[in-house]
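These are the residues of each chain, in order.
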Amino acid sequence: MENINIEQNNELLEESLKRFDQYLSFKLDEEVFAIQVEQINEILEYKDPTKVPKTADFMKGVINVRSSVVTAVDLRVKFNLKVNEITKDSVIIITRVNLDGDIIDVGVIADSVVEVFEIADEEIEQPPTIGGKIDSSFLLGIGKVKDKLIMILDIDAIIKDIEIEALQDQD
Amino acid sequence: MKDKHLTAFIEETKELLAELESVLIELEKKHDDKELIAKSFRLLHTIKGSSGMFGFDDISMFTHDIENAFESIRNGDLEISKEIIDLTLAAKDQIQLMLDKDASSKVDETEINKIIGSFRKIAFQIGKSKTSGVKKEKNEKTYAEKLIYNSLYKIRFEPFENIFLKGVNPILLIDELKNLGSAAVYCITDNIPDFEKLNPELCYLSWEAALVSNAGFDEVKDVFIFVEDDCKLSVDIIEENTRLEIIEDVKKQIIAKFERGEKLTPDKLIIKKSESEKIIEKRAPSVKSAGKDVKPKIEEVENSIKAADSGSSIRVAAEKLDELVNLVGELVTVQAHLTETAARINSSDIISIAEQVERITWDLRDSALNVRMIPIGATFSKFKRLTRDLSKELGKEVELYTSGEETELDKTVIEKLNDPLIHIIRNCIDHGVETIEERKKAGKNPKGMINLTASHSGANVIIEISDDGAGINIDKILDKAKKKGIIASDASLSEKEILNLLFLPGFSTAQKVTSVSGRGVGMDVVKRSIESLRGSVEIKSEYGIGSTVTLKIPLTLAIIEGLLIKNFGSYFIIPLSIVEECIEITTEEINSSNGRRLVNLRNEIIPYIYLREEFEQLDNPPEVQQIVIISENSFRVGLTVDKVVGQHQTVIKSLGRLYKNTEHISGATILGDGTVALILDAAKLVKQAEESYKENTAVEF
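Residues numbered from 1 in each chain as written. Chains lettered and ligands numbered in written order. Predicted model: local features only at pLDDT ≥ 70, side-chain atom pairs only at ≥ 80, totals over all residues. Heavy atoms only, no water.

Some points on the interface of chain B and chain A
Each side of the interface is counted separately: chain B has 20 residues, and chain A has 28 residues. Roughly 2200 Å² is buried in total at the junction of chain B and chain A, and carbon and sulfur atoms are behind 61% of that figure. On the surface where chain B and chain A come into contact, there are four salt bridges. Taken together, the connections running from chain B to chain A amount to eight residue pairs in polar contact (both at pLDDT 80 or more). A total of three residues in the side of chain B that touches chain A trace back to one element, the largest contributor, which is strand S20 (residues 665-670) of chain B. Taken together, the residues of the side of chain B that touches chain A sort by class into ten nonpolar, five polar and five charged. (Contact = heavy atoms within 4.5 Å. Buried area = accessible area lost by both parts, 1.4 Å probe. Salt bridge = Lys/Arg side-chain N within 4 Å of Asp/Glu carboxyl O. Polar contact = N/O pair within 3.5 Å; in protein donor to acceptor, adjacent residues only side chain to side chain. Helix = DSSP H or I, 4+ residues; strand = E, 2+ residues; numbered from the N terminus. Nonpolar A, V, L, I, M, F, W, Y, C, P; charged D, E, K, R; others polar.)

Shown next as structure tokens:
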């Protein structure tokens, strides 16, 4: 009896380990990127951030998100992609970022939102360490959805990098 | 639930400890102040009792011995000595350590045992002096007399039903009562409901007792000190200071009544307080013949009751207040929007409503901020202890005088002021005040003096720390700065500039590193933390006479009055408190000045900062710009702006971590229409202008 139970448990365990996480995909220029839905607070219509003088170009400024001041960053500048005009599809994705234990909200400007999709952990491949357009340390992996490759961003690592760069900038 | 009570207990005990500390320091000066002695006893008693209730048995047992010593002091069997104060202060520190359960590993058992040992030794000595018949003249009543003159108390103790839930065991209280003398206790069981309705977690019992004891009224009442809020308690003096046999008689009658199952309540013995006073007055002749005046005692009791009633306050979690201030902040923003919209629509009806809302919002804002204001005095008393311990350690004699304790500041500001103030006072004691010999040689009072004062000045609070020590040796600083390569070896600096060198990181003039200072963290830390409060620091010093450190701190961090300006399409806020006036300047004038940014204001030349240039904005400026003149530390600077919009209630928000090191901008605020405006760090701008102005003028001459 007990043995069977353990086997069953193991099966259940394996099943639960095979996790399906949800991701939001969006476009920066023509490239499709994704961020874990868990890390997304909300998606706002684009509004012009207030630029803080003498800061790096990708630091777009600050916006008002329900009475709190949130930093907005432009990853298109950070990743050397083409910066398109603002259209009615442009959005600011408010992400929840973990910076060395501090949870802060950061807005990510995107040209448009694509969809929310599910993908199993196993189906996410390690990013190539060389030859990729985006520094592999910024990626959690590359997922294949409907035969299209989507770069899954490690938003914590990206914002950490931005913080370091911002500090150096001002020194 | 339990955690909530536990945190409340820890918080409260910490406050009690802080109070105890300041009382002890006072007591050190006035050894025979009865009120202070009684107060320390009460504080210890409360700490003992409540820590026992919350399972801090170690604290409870530890405090017990100290309490005993203070009881002897209160009774006049023991006199306050420096030793006792030292021991009690050390004990206070230990209790504080024990409170932090996480740090329990750090609690030094041997230290605790040493303290307890010393207290027991003291207690033993009292016992010896008592048995050997040594009487103290101060003592009004001898021990023998105490036995004869006793009081009869009638106590009625009705705990509320939920008393068990608070962890109180009424029986222990009754036992404690019995220990005070001989008591007859009667338990009233009338309220016990039928069995099926009985909730075993509730207390249905109440007690009545007749107590014959030589303990004072306060002492009897103190038995119930922790349950005061959880019961109906009446303690009445029926016979005061009467010969024992008379009392025993009355007591016997009462006991007889108990035995017959009668209650005391309807009995004639139950006298209201006013009546009991009358009785005591009637008895006055006999009492007086016993050499005691009863009246003052009653007054004392009354006073203590009154004191407990006055200044009623409630304890509120700080987060709730923060939440309130946040909401008020949002309301201020919405109100600004309403006023704007009303003006745009231009309907007199809406404008009048908007005006009313505006008035109420401002009042609300003021009172919400006011709630968070607390007097700075509590922090000051901590420094007295610091001064005492530190000067002892360094073999110096230093006294800290404080004034302006009632000055109120925002709670968060006060918390953040603590560390910088500690640092400054340490500096005063360690480097400022000389050793006793040196002071004698210089013809000064061997006892050094530090003055700590707080006062209001407009929207700021000025905190001044001055000592009458050696002052700062300017040449020494200059030498050191040159040696360290902080300044060029041929640089010539003004006195003010030299003193400002002290604020540079890694600059410490202490000859040797002591446990007190000179560990590399110097005045730069002070400066940085004061600046994070949007405040400023200034040092003045006269060699041989003393130094003064002045801190200027804004009253609150949450909401300020600002001047809203528009520059190259963005909105900025300048704190209104430093704005002096606005003047016009044409772009042509700016461009034709060959890069010399100076403006003539009523025959005074004032440097200005061309913000457009400073912020690297390349768009086309309007033909006429404004210069806002601001002043900080009596240096005036202009800032060019495209347009002055007007006054604005500014709810200060942080820019967040990613903009932590941003220059020139100290925060952000949200305007009525939802856009974000940046708050200019005016102090920094002024300083920058001051420096570059000096450089330029230096080059010219």
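Points about unusual backbone geometry
Only a minority of non-glycine residues have a phi that is not negative, and only a minority of peptide bonds are not trans. Phi at A:Asp100 is positive, roughly 45 degrees, even though this residue is not glycine. Position of A:Asp100 among the secondary structure elements: in the loop between strand S6 (91-99) and strand S7 (102-110). Judged by its relative accessible area of 56%, A:Asp100 falls in the exposed class. Backbone geometry at B:Asn346 places phi at a positive 60 degrees, although glycine is not the residue there. Counting through the fold element by element, B:Asn346 comes out in the loop between helix H12 (318-345) and helix H13 (348-371). (Buried < 20%, exposed > 50% of the residue type's maximum accessible area, 1.4 Å probe, protein only.)

A closer look at the sheet that holds S7(A)
Residue and element names in this part refer to chain A. One open sheet holds the five strands; their spatial order is S3-S6-S7-S5-S4, and the pairing between them is mixed. Every interior strand has two partners, whereas the edge strands, strand S3 (40-45) and strand S4 (59-65), have only one. Strand-to-strand twist in this sheet, taken as the mean axis angle between neighbours without regard to direction, amounts to 35 degrees. In terms of strand pairing, S6 meets S7 through nine bridges, oriented antiparallel. Bridge assignment links Ile92 to a residue of S7, and that residue is Ile109. (Pairing = 2+ DSSP bridges. Axes fitted to C-alpha atoms, helices over the stretch in contact; angles between N-to-C directions.)

Thoughts on the sheet that holds strand S13 (residues 570-575) of chain B
In any sheet, the strands associate via hydrogen bonds between backbone groups, in a parallel or an antiparallel arrangement. Residues and elements named next belong to chain B. The five strands are arranged S19-S12-S13-S21-S20 in an open sheet whose pairing can be described as mixed. Every interior strand has two partners, whereas the edge strands, strand S19 (643-651) and S20, have only one. Sheet twist, expressed as the average angle between the axes of neighbouring strands with direction ignored, equals 35 degrees. In the packing of H12 onto the sheet, the strands contacted are strand S12 (559-567), S19 and S20, and the crossing angle to S19 comes to about 150 degrees. H13 contacts S12 and S19 of the sheet and is inclined by roughly 125 degrees relative to S12.

Quick word on the environment of B:Pro621
Tracing the backbone shows B:Pro621 in the loop between helix H21 (611-614) and strand S17 (624-632). Each residue touching B:Pro621, except ones within four places of it in the same chain, is listed here: B:Thr587, B:Tyr610 and B:Arg612.

As for the pattern of salt bridges
Residues and elements named next belong to chain B. Taken as a whole, this structure holds 39 salt bridges over all chains when the rule is applied. Across the salt bridge formed by Glu208 and Arg156, the nearest N and O atoms sit 2.4 Å from each other. Of this pair, Glu208 sits in strand S3 (residues 206-213) while Arg156 is found in strand S1 (residues 149-159), placing the two residues 52 residues apart along the sequence. On the basis of relative accessibility, which here comes to 17%, the residue Arg156 falls in the buried class. Overlapping salt bridges, with partners in common, bring together Glu21, Glu28, Lys82, Asp86, Lys92, Asp93, Arg385, Arg388, Asp389 and Lys392 in one network.

Remember that the coordinates give geometry; whether it matters functionally is a separate question.
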